[in-house]
Amino acid sequence: MNVHTLSTATLVPPRDRVLDFIRLAREEIEALIPSDHWDDDVWPVGEQFSKKSQNHVDHILAFYNSDATISSQQVIRGEPLAPLIKDFAKAYIRYTHSTSPVAFTNTQKRLDAIQFIEAAFRKLGLEPAVESLNVVVLNEAVNLARHGVGAGRHYHFAVGIQQVHRFCVDRHFLAAPFQWKHGVRKPKDASEAIGETAKERREKKLPTPEAFHALAEVFRRSATFVDRLYSSICAICVSIPIRAHEVLQLRLDCEVEGRVVSPDTGEEVATYGIRVWPGKGNPPQVKWVPTVMVSVVREAVERLRTMCAAARELASWYERNPGQLWLPEKLEPYRASGWIPVVALTDVMGYLDPSAIRKRLRDLNVEQTFESARLSSLAPALLDLMPTDFPYFNGEKDQRYSETLIVLFYNQGHAQRGTFPSLLGKATVSRFGYWLSGHEDGEWPSVFEVYGFTERDGSRIKITTHSFRHWLNTVAQFKGLSDLDIAKWSGRGIEQNKAYNHVTSEEILSQIKKALDDGSASGPMFEGTKLQGPNRPVDPRDFVEAQIGSALVTDVGICVHDYSLLPCQTHGNCVGCSENVFIKGDRQHRGNIDRRLKLANTQLVQALGAMGEGFHGADRWVEAHRRNIDRMERMLAIHDDPSIPDGTVVALPEGTPDSEVAMALRDRVPTGDLTAVTYAADDDALSEALADMWKD
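A brief structural summary.

### What to know about the overall build of the protein chain
A count of helices and strands for the protein chain gives 25 helices and 16 strands. Here the protein chain, with 696 residues, has 45% of them falling under the buried criterion. Counted over contacts in the protein chain with a minimum sequence separation of 6, partners at least 24 positions apart contribute 62%.

### Details of unusual backbone geometry
Along the chain, Phe390 connects to Pro391 via a cis peptide bond; the corresponding omega equals 10°. Relative to the assigned elements, Pro391 resides in the loop between α15 (375-383) and β10 (408-410). Non-glycine residue His172 carries a positive phi angle of around 60°. One non-glycine residue, Asn365, adopts positive backbone phi at about 60°. Looking at where Asn365 falls in the secondary structure, it is placed in the loop between α14 (354-363) and β9 (372-374).

### Some thoughts on the pattern of salt bridges
Applying the stated criterion across every chain, the model contains 30 salt bridges. Across the salt bridge formed by Arg243 and Glu246, the nearest N and O atoms sit 2.4 Å from each other. For Arg243, a relative accessible area of 6% puts it in the buried group. Residue Arg335 is joined to Glu332 by a salt bridge in which the shortest nitrogen-to-oxygen separation is 2.7 Å. Salt bridges here are not isolated pairs; linked through shared partners, they connect Asp41, Lys86 and Lys90.

### Brief notes about the sheet that holds strand β5 (residues 255-261)
On the basis of which strands lie adjacent, the open sheet formed by three strands has the order β5-β6-β7 and antiparallel pairing. Every interior strand has two partners, whereas the edge strands, β5 and β7 (285-288), have only one. Within the sheet, the average angular offset between the axes of one strand and its neighbour, ignoring direction, is 45°. Relative to the sheet, helix α10 (residues 294-307) contacts β5 and β6 (268-276), its axis offset from that of β6 by approximately 40°.

### Considerations on the environment of His37
Along the polypeptide, His37 turns up in the loop between α1 (14-27) and β1 (42-44). Along the backbone, His37 and Arg26 are 11 residues apart, and their C-alpha atoms lie at a distance of 9.8 Å. Side-chain polar atoms of His37 contact the side chain of Asp40, separated by 3.0 Å.

### Observations concerning helix α23 (residues 618-639)
Helix length check: α23 (22 residues) gives 32 Å between terminal C-alpha atoms against 32 Å at 1.5 Å per residue, within 8%. Every buried residue of α23 is accounted for by Ala618, Val622, His625, Ile629, Arg631, Met632, Met635, Leu636, Ile638 and His639. On the buried face of α23, the contacting elements are β15 (580-583), α22 (587-612) and β16 (649-651).

### Remarks on the environment of Ala336
Counting through the fold element by element, Ala336 comes out in helix α12 (residues 334-337). Exposure remark for Ala336: the relative accessible area of 77% places this residue in the exposed category. For the pair Ala336 and Leu375, spaced 39 residues apart in the sequence, the C-alpha separation amounts to 9.8 Å.

### Topic: the pairing of β15
Bridge count for strand β14 (residues 557-559) against β15 is two bridges, and the pairing is antiparallel. Looking across to β15, one finds that Ile558 is bridged to Val581. Strand direction decides the pairing type here: β15 and β16, joined by three bridges, are antiparallel. The residue of β16 that forms the bridge with Val581 is Ala651.

### Let's talk about the side chain of Asp227
Along the chain, Asp227 falls in helix α8 (residues 225-237). Sequence-distant contacts of Asp227, that is, excluding residues within four places in its chain, are made with Val218, Ser222, Trp435, Val447 and Tyr451.

### Thoughts on the packing of aromatic side chains
Under the defined criterion, the tally for this structure stands at 22 aromatic pairs. Each ring, one from Phe88 and one from Phe173, has its centre 6.4 Å from the other, and the planes form 90°; the classification is edge-to-face. Residue Phe88 is located in helix α2 (residues 83-99), and its partner Phe173 is located in the loop between α5 (151-170) and α6 (196-204); the two are separated by 85 residues in the primary sequence. Phe173 matches Phe88 in its accessibility class, with the two residues each being buried. Ring plane angle 75° and centroid distance 5.9 Å describe the contact between Tyr351 and Phe420, whose orientation is recorded as edge-to-face. Placement of Tyr351 in the loop between α13 (346-349) and α14 and of Phe420 in strand β11 (residues 420-425) is noted, with a sequence separation of 69 residues between them.

### Remarks on the pairing of β7
Note on strand geometry: in a regular strand, side chains alternate between the two faces of the sheet. On β7, burial follows the alternation: Gln285 and Lys287 on one face are buried, whereas Val286 and Trp288 on the facing-out side are not. Here β6 runs beside β7; their pairing, made up of four bridges, is antiparallel. Considered in β7, the bridge of Val276 is made with Gln285.

### Here's the deal with the packing of helix α4 (residues 135-145) against α5
If you want to describe how two helices pack, look at the angle between their axes and the distance between the axes. Contact geometry of α4 with α5 gives a least axis separation of 9 Å together with a crossing angle of 155°. Classified by the angle between their axes, α4 and α5 sit roughly antiparallel to one another. Along this stretch, α4 crosses α5, giving a crossing that reads as right-handed. Side by side, α4 and α5 meet where Leu138, Ala141, Val142 and Ala145 of the first sit next to His154, Phe157, Ala158, Ile161 and His165 of the second.

### Description of the packing of α2 against helix α3 (residues 104-123)
Between α2 and α3, the shortest axis-to-axis distance is 10 Å and the interhelical angle comes to 155°. By the angle between their axes, α2 is roughly antiparallel relative to α3. The chirality of how α2 crosses α3 is right-handed. Where α2 approaches α3, its residues Ile85, Phe88, Ala89, Tyr92, Ile93, Thr96 and His97 are matched on the opposing element by Thr107, Arg110, Leu111, Ile114, Ile117 and Glu118.

### Some details on the nonpolar core
In globular proteins that are soluble, nonpolar side chains generally tend to be buried together. Within the largest apolar cluster, 52 residues are counted, with the highest numbers of intra-cluster contacts made by Leu61, Phe88, Ile117 and Ile161. Within the residue set of this core, elements represented by two or more residues are α1, α2, α3, α4 and α5. The leading source of residues in this core is α3, at nine residues. In contact with Ile117, other than residues within four places in its own chain, are Ile85, Leu133, Val137, Leu138, Ala141, Ile161 and Val164. Within the second largest apolar cluster, 47 residues are counted, among which are Tyr230, Ile242, Ile274 and Leu436.

### Some remarks on the state of the cysteines
Scanning the entire structure with this criterion turns up zero disulfides. Of the cysteine sulfurs around Cys234, a residue in no disulfide, the closest is that of Cys237, at 6.1 Å. Residue Cys234 is classed as buried on the basis of its relative accessible area of 3%.

Criteria and cut-off values
Residues numbered from 1 in each chain as written. Predicted model: local features only at pLDDT ≥ 70, side-chain atom pairs only at ≥ 80, totals over all residues. Heavy atoms only, no water. Helix = DSSP H or I, 4+ residues; strand = E, 2+ residues; numbered from the N terminus. Buried < 20%, exposed > 50% of the residue type's maximum accessible area, 1.4 Å probe, protein only. Contact = heavy atoms within 4.5 Å. Salt bridge = Lys/Arg side-chain N within 4 Å of Asp/Glu carboxyl O. Pairing = 2+ DSSP bridges. Axes fitted to C-alpha atoms, helices over the stretch in contact; angles between N-to-C directions. Polar contact = N/O pair within 3.5 Å; in protein donor to acceptor, adjacent residues only side chain to side chain. Expected span 1.5 Å × (residues − 1). Phe/Tyr/Trp six-rings, centres within 6.5 Å; stacked < 30°, edge-to-face > 60°. Parallel < 35°, antiparallel > 145°, perpendicular 65-115°, else oblique. Left-handed = near helix turned anticlockwise from the far one by under 90°. Core = buried A, V, L, I, M, F, W, Y, C linked by side-chain atoms within 4.5 Å. Disulfide = S-S within 2.5 Å.

Here it is in structure tokens:
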């Protein structure tokens with residue numbers, strides 16, 4: 001009897017599928033490294049992850065297990081990943097980078113996920129292989145990922161492990177497919193947290209007054225090139241919400257002059273701004289400088305223009321003479337002979353000691369004698385130190401080094417190294433950050449430590465390059481600038497504003513109370529401050545302040561109910577509550593109300609249909625929806641009313657009569673006449689009732 005094995009071309013063992021995937025990534029995809037370096041266990045990928053005004057050319061991806069010790073430049077010690085999973089890791093990293101590229105840190109997290117999975121196999125005594133993945137291995141990988149990291153980083157590691165599992169399931173790599181989720185709870189968004197801890201976190205992101213005073217002092221009396229350079233950059237950063245890499249790539253013609261009609265006086269006034277090429281895919285824009293800071297920014301830009309003039313001239317020379325090494329005029333005659341005396345290289349390499357020059361030449365493998373260096377060997381060795389993106393600054397094809405505001409000589413932005421007058425360099429974000437906050441555990445002190453500045457309590461001043469944007473955005477939020485305007489001014493999407501808003505509930509509350517003083521608040525809640533009459537038992541402001549006990553931000557406004565006196569009696573009906581206030585011109589609030597209004601109109605149609613069909617209680621829903629729709633339409637009308645200034649604090653009349661003050665008003669109405677006064681039923685009734693109280 002003949003036995004025939006039935007098979008189908010679609011029935012491919014999981015291991016063969018994995019091997020096919022590895023072959024595809026190795027032979028068909030060109031990403032991260034040349035294919036002939038596939039077998040290397042360390043991939044130098046720094047140039048694939050270049051960031052504007054940052055130097056990360058030394059980044060590596062090391063396909064070693066999680067027990068290895070790895071720096072950003074090399075493997076210190078450890079063993080590579082297990083053979084059966086190492087090639088998959090390389091293929092996974094290369095494939096995902098070609099289909100959905102991310103920054104280096106996130107690419108490293110993709111590799112971390114596979115390293116945790118491989119470590120889980122080894123801990124469980126199993127041979128590491130992708131097709132052998134199971135629930136126990138994945139759970140152990142998530143457990144290993146939590147050691148030594150915070151909740152947020154652990155969550156991201158768990159997400160990465162889950163992505164590897166989903167990737168394998170979707171491509172039928174598993175011998176026994178299964179569904180799985182990591183089960184790690186996502187940490188709460190710190191920007192939405194409340195309490196003392198959250199307040200301290202927000203304050204750490206904002207520069208203190210002492211930091212600003214110190215930077216102003218450095219800007220005025222600094223003497224060194226580095227201090228004058230970075231203090232001028234700080235002067236720009238504290239005036240407009242500009243990212244560190246954006247200010248470092250400003251163009252020579254970045255200043256913009258304009259004229260605009262003042263809305264306050266109606267007169268035409270001069271304006272001054274800085275043209276910025278923002279990050280995150282945003283188009284060029286002009287960031288207008290507040291009037292009080294115009295003179296400071298003008299001085300800072302002019303200082304930078306003057307300080308970097310010589311470096312721009314060198315850039316222009318190199319743009320005209322590609323492939324040649326610049327020499328000072330007195331050394332030009334040596335081009336003919338091809339040899340330059342070592343002692344003359346001081347004007348080329350910046351070293352004063354000839355022995356230091358000779359050592360540097362040896363390090364660069366330059367052909368030399370004791371007296372001279374061969375120019376044909378020296379030129380390529382030095383030119384190799386030039387920025388890799390030259391002549392186009394940061395890879396921008398329409399911006400040359402000679403057209404850039406901040407251009408330096410090689411090492412000129414580094415206070416601890418000698419400057420090469422013959423080569424170009426650039427100010428980097430990392431070097432700017434070191435100047436602000438120090439580096440190497442105090443080995444390189446911050447500018448504040450150099451000048452002896454401290455916080456008020458004597459502690460170190462700590463500030464980052466991004467602190468200025470957080471501070472400017474918080475000030476803008478506090479002063480009532482709309483979310484759309486803040487996003488446009490900052491050069492980002494409106495959805496990213498939340499991470500930069502550090503206005504606390506206490507500060508929101510102070511804004512509302514301030515509105516009582518300057519009369520910029522509108523609504524029945526604030527009418528008490530406007531009443532006049534003799535023998536008032538309390539100050540009008542004290543009377544109204546008694547109603548404002550909190551500042552809880554909701555989707556439909558700010559709740560100012562005093563919960564210490566009375567629990568909320570209108571839970572779930574914030575739109576209809578008279579203790580709900582909002583800021584006129586707040587785009588986020590307007591958007592929330594607009595969406596709720598559309599939903600309420602849909603629900604009203606459904607309720608009317610139910611009422612027409614005789615459903616019991618439907619008429620009450622119709623009444624409730626109509627009441628909410630009316631209030632939301634009035635909110636939108638206020639937002640769209642040009643006669644009401646943006647930033648006005650508004651409380652709608654005819655709200656629910658449940659505040660403790662409203663209850664006191666009703667208590668004063670004679671028995672049997674409870675319908676005579678309803679809180680904020682109309683302004684006249686409220687005013688009359690309040691006036692009666694003053695008379696009493």
